[in-house]
Amino acid sequence: MQLTTYIFATFAIVSAALAVPVDNLVERDTKYCGYQPYEPSKYTCYDGLLCPIQNYVVYKRCGGDCYDPAKYVCHGTKMCPTTDPNLCGDACYNSSRYKCEYGRLVQV
Ligand SMILES: *[C@@H]1O[C@H](CO)[C@@H](O)[C@H](O)[C@H]1NC(C)=O
């Protein structure tokens, strides 16, 4: 009788310990990005690609990369810095200094 009680008590303690991590996962609201678990407060899932949220900056996706939209502009899969936001062929340029003619940069 005493042994049965002891075993039951042990089982109760073990299951309580196992239940804690599960509760934490539910509380933190873990989601999946493809097969990757992630925390929505720390990442954004862009069709299978995780981009971080850091210092209140929500990084966006550009092709296979993540970028800070305050610093870059995305042209499909190519990024340009916001100071040279336009794309001419493979080159980024600032329209106050260049113009794009037939895919080539020409100084203004
Ligand atoms: C182009 O360059 C000038 C001078 O560097 C800068 O003041 C301006 O903001 C730039 N233009 C854009 C669209 O960022």
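Above this text is the structure in question.
The notes below deal with the structure included here. Predicted model only: the values in this text are computed from it and were never measured.

Remarks on the environment of Ala-91
With respect to the element layout, Ala-91 can be found in strand 11 (residues 91-93). Classification of Ala-91 by C-beta neighbours within 10 Å gives partly exposed; the count is 15. For the pair formed by Ala-91 and Arg-104, sequence separation is 13 residues and the distance between their alpha carbons is 8.4 Å.

Focus: the site of the ligand
Neighbouring the ligand are Thr-82, Thr-83, Pro-85, Asn-94 and Ser-96. Tallied by class, residues from the shell around the ligand come to 1 nonpolar, 4 polar and no charged.

Quick word on the sheet that holds strand 4 (residues 49-54)
Overall, antiparallel pairing links the 3 strands, which are arranged 3-4-5 in an open sheet. What marks the edges here is a single partner per strand, and that holds for strand 3 (43-46) and strand 5 (57-58). Relative to strand 5, strand 4 runs antiparallel, the two being bridged by 2 bridges. What sits directly across from Ile-53, in strand 5, is Val-58.

With respect to the pairing of strand 8 (residues 72-75)
Along any regular strand, the residues point their side chains to alternate faces of the sheet. Sheet topology places strand 8 next to strand 9 (residues 78-81); 4 bridges connect them, and they run antiparallel. Bridge pairing links His-75 to Lys-78 in strand 9. Between strand 8 and strand 9, which pair antiparallel and follow one another directly, the connecting turn spans 2 residues, one of which, Gly-76, has a positive phi of 70°.

Some details on unusual backbone geometry
With a phi angle near 50°, Asp-47 is a residue other than glycine that sits in the positive phi range. When you line up the elements, Asp-47 lands in the loop between strand 3 and strand 4. Exposure remark for Asp-47: the 7 C-beta atoms within 10 Å place this residue in the exposed category. Positioned with a positive phi, Tyr-56 is a non-glycine residue whose angle comes to about 65°. Mapped onto the elements of the fold, Tyr-56 is located in the loop between strand 4 and strand 5. Overall, the presence of 5 C-beta atoms within 10 Å leaves Tyr-56 in the exposed class.

What counts, and where the lines are drawn
- Residues numbered from 1 in each chain as written.
- Predicted model: local features only at pLDDT ≥ 70, side-chain atom pairs only at ≥ 80, totals over all residues.
- Helix = DSSP H or I, 4+ residues; strand = E, 2+ residues; numbered from the N terminus.
- Buried ≥ 20, exposed ≤ 12 C-beta atoms within 10 Å, placed from the backbone.
- Near = placed C-beta within 6 Å.
- Nonpolar A, V, L, I, M, F, W, Y, C, P; charged D, E, K, R; others polar.
- Pairing = 2+ DSSP bridges.

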